[in-house]
Amino acid sequence: MLKRTVTGIILIAFLAGFMVCGYFVSPIFVDMLILIFLAGAVYEMRKCLKDVGYDMYISPTVVALVCAYPVFYLMQHFIGGSAGIQGLLIVFLVSFMMCLSIFTFRPLMRKKNDVQQAADGENEIQSGVSEIKKGNINDLLANVFVIVYPMIFMSVAWVIGYKYSAIFAVLFAVVVPIIGSDMFAYFLGSLIGGKKLCPSISPKKTVAGGVGGLLGGMVMAILFWVVFEYVGSLAPKFAAGCGYIPFISHSDGGWMWKSALIYLAIGLVCGAVSEIGDLAASSIKRAIGIKDYGKIFPGHGGFMDRIDSVMYCLVVLLISFSCIYGY
């Protein structure tokens with residue numbers, strides 16, 4: 001418990017440091033924070049799938065990981081509009097094409113190597129060497145899966161960061177599911193206990209904990225409302241420095257309770273999907289037979305163990321902001 005607490009404090013300090021630099025220096029620090037966790041999560045997911053026997057292609061993942069942010073950043077800043085999103089789409093489509101190409105031609109290359117080894121006398125020519133072995137479709141799907149989860153999920157943070165507010169979006173997507181939903185679920189579940197939520201996937205989760213997660217999401221959302229909407233109305237320079245745009249114009253009547261209701265709704269949905277995201281990640285771990293995706297964070301697991309619920313909340317924020325702001 002002590003190890004987990006210490007690690008949690010360090011992670012919070014790490015997050016706070018990047019957020020402060022993002023506010024006072026440049027939003028690019030927030031982008032780098034996203035990139036660090038994205039790279040760590042991709043590495044862990046690839047390693048886990050490779051360890052259980054999948055043939056993981058290197059080049060598509062490397063191309064997507066190395067090119068995604070630079071292409072997004074350059075197109076967004078020098079072209080503007082939705083060019084950054086188009087850049088991300090190009091990078092991911094090229095990565096998909098590379099996966100398909102490797103899947104198509106790798107069996108041919110293996111056959112050629114087998115024939116060459118036989119000609120060199122390293123092994124005998126087998127009757128089946130003249131037949132091309134088909135690529136395993138599961139290997140292809142495993143490689144595509146890594147590009148989608150976590151890569152495309154996490155890249156949503158860059159999109160909403162540049163279209164709306166990087167500091168708000170990242171903080172909300174981290175604090176609401178991890179500090180809000182997870183902590184409330186843990187304490188309420190431990191206090192009440194009772195019926196298990198999904199024992200076949202996560203034996204420790206209870207229905208009471210699930211309710212606690214929903215409450216925690218709403219509580220944290222209201223705290224964000226206080227900071228960004230209420231305090232932001234009193235200190236507009238603070239909100240502007242964060243790049244935050246009020247959900248409802250403060251010149252409209254009843255903006256306080258209207259925006260508070262929107263925050264509550266988003267917090268409730270984020271609390272729900274964060275638990276689903278956690279269960280989904282646990283289901284993947286059970287399918288490949290591991291306890292944690294990594295060990296870089298003592299007591300917390302790896303990068304994937306920390307962002308499984310965050311990725312789901314990012315999608316909720318993207319949908320919510322699109323509806324609220326209309327662009």
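Worth saying up front: this structure is predicted, and the values here are computed from it rather than measured.

Undergrad: How would you sum up the pattern of salt bridges? Please name residues and give values.
TA: This structure, assessed with the given rule, holds five salt bridges. Linking Asp 51 and Lys 47 is a salt bridge whose minimum nitrogen-to-oxygen distance equals 3.0 Å. Of the two residues, Asp 51 and Lys 47 are both situated in helix H2 (residues 28-51); the distance of four residues between them amounts to about one turn of the helix. With relative accessibility at 54%, the residue Asp 51 sits in the exposed group.

Undergrad: Please give an account of the nonpolar core that cites residues and values.
TA: Counting 81 residues, the largest nonpolar core has Phe 168, Phe 172, Tyr 244, Phe 247, Tyr 263 and Phe 321 as its most contacted members. Elements supplying a minimum of two residues to this core: helix H1 (2-24), H2, helix H3 (59-78), helix H4 (83-119), helix H5 (137-192), helix H6 (207-234), helix H8 (255-288) and helix H9 (303-325). When residues in this core are grouped by element, the largest group, 24 residues, is from H5. In contact with Phe 172, other than residues within four places in its own chain, are Pro 177, Ala 221, Phe 224, Tyr 263, Ile 266, Cys 270 and Leu 317.

Undergrad: Just give me the short version of the packing of aromatic side chains, but keep the residues and values in it.
TA: For the structure shown, the criterion picks out 35 aromatic pairs. Measuring from ring centre to ring centre gives 4.8 Å for Tyr 23 and Phe 24, while their planes differ by 80°; the resulting arrangement is edge-to-face. Under the relative-accessibility criterion, Tyr 23 is labelled partly exposed at 28%. The class of Phe 24 is exposed, set by a relative accessible area of 65%.

Undergrad: Give me the lowdown on a nonpolar patch on the surface, citing residues and values where you can.
TA: On the surface, Ile 12, Ile 179, Met 183, Phe 184, Tyr 186, Phe 187, Leu 197, Val 207, Val 211, Leu 215, Val 219 and Leu 223 cluster together into a nonpolar patch covering about 1000 Å² of accessible area. Elements represented by at least two residues in the nonpolar patch include exactly H5 and H6. Here Ile 179 lies in helix H5. Taking relative accessible area as the criterion, Ile 179 reaches 30% and is therefore assigned partly exposed.

Undergrad: So what's going on with H1? Which residues, and what values?
TA: Between its terminal C-alpha atoms H1 stretches 33 Å, which fits the 33 Å expected from 23 residues at 1.5 Å a residue. Turning to H1, its buried residues are Thr 7, Gly 8, Leu 11, Leu 15, Phe 18, Met 19 and Gly 22. Buried residues belonging to H1 abut H2, H5 and H9.

Undergrad: So what's going on with the side chain of Ser 181? Residues and values would help.
TA: Mapped onto the fold, Ser 181 is located in helix H5. Of the polar contacts made by the side chain of Ser 181, one reaches the backbone oxygen of Gly 271; its length is 3.5 Å. If we ignore the near neighbours within four places in the chain, the residues touching Ser 181 are Val 176, Gly 213, Gly 216, Gly 217, Gly 271, Ser 274 and Glu 275.

Undergrad: Report on unusual backbone geometry, specifying residues and quantitative values.
TA: Each neighbour pair has its own omega, and for Tyr 149 with Pro 150 the value is 25°, a cis peptide bond. On the secondary structure map, Pro 150 appears in helix H5.

Undergrad: If you had to explain the pairing of strand S2 (residues 202-206) to someone new, which residues and values would you point to?
TA: Relative to S2, strand S1 (residues 196-198) is paired through two bridges, and the arrangement is antiparallel. Pairing of Lys 196 across the sheet is with Thr 206, part of S2. Hairpin geometry of S1 and S2 is characterised by an intervening segment of three residues between the two adjacent antiparallel strands.

Undergrad: With reference to specific residues and values, describe the side chain of Thr 206.
TA: Secondary-structure assignment places Thr 206 in strand S2. Here Gly 209 takes part through its backbone nitrogen, which lies 3.0 Å from a polar atom of the side chain of Thr 206.

Undergrad: Report on the environment of Leu 314, specifying residues and quantitative values.
TA: Tracing the sequence through the fold places Leu 314 in helix H9. The class for Leu 314 is buried, based on a relative accessible area of 2%. The contacts of Leu 314, once residues within four sequence positions are left out, are Phe 153, Met 154, Val 156, Ala 157, Ile 160 and Ala 173.

Criteria and cut-off values
- Residues numbered from 1 in each chain as written.
- Predicted model: local features only at pLDDT ≥ 70, side-chain atom pairs only at ≥ 80, totals over all residues.
- Heavy atoms only, no water.
- Salt bridge = Lys/Arg side-chain N within 4 Å of Asp/Glu carboxyl O.
- Helix = DSSP H or I, 4+ residues; strand = E, 2+ residues; numbered from the N terminus.
- Buried < 20%, exposed > 50% of the residue type's maximum accessible area, 1.4 Å probe, protein only.
- Core = buried A, V, L, I, M, F, W, Y, C linked by side-chain atoms within 4.5 Å.
- Contact = heavy atoms within 4.5 Å.
- Phe/Tyr/Trp six-rings, centres within 6.5 Å; stacked < 30°, edge-to-face > 60°.
- Patch = residues over 30% accessible without salt bridge, like charges linked within 9 Å, V, L, I, M, F, W, Y side chains within 5 Å.
- Areas by Shrake-Rupley, 256 points an atom, 1.4 Å probe, with all protein chains shown as cover.
- Expected span 1.5 Å × (residues − 1).
- Polar contact = N/O pair within 3.5 Å; in protein donor to acceptor, adjacent residues only side chain to side chain.
- Pairing = 2+ DSSP bridges.

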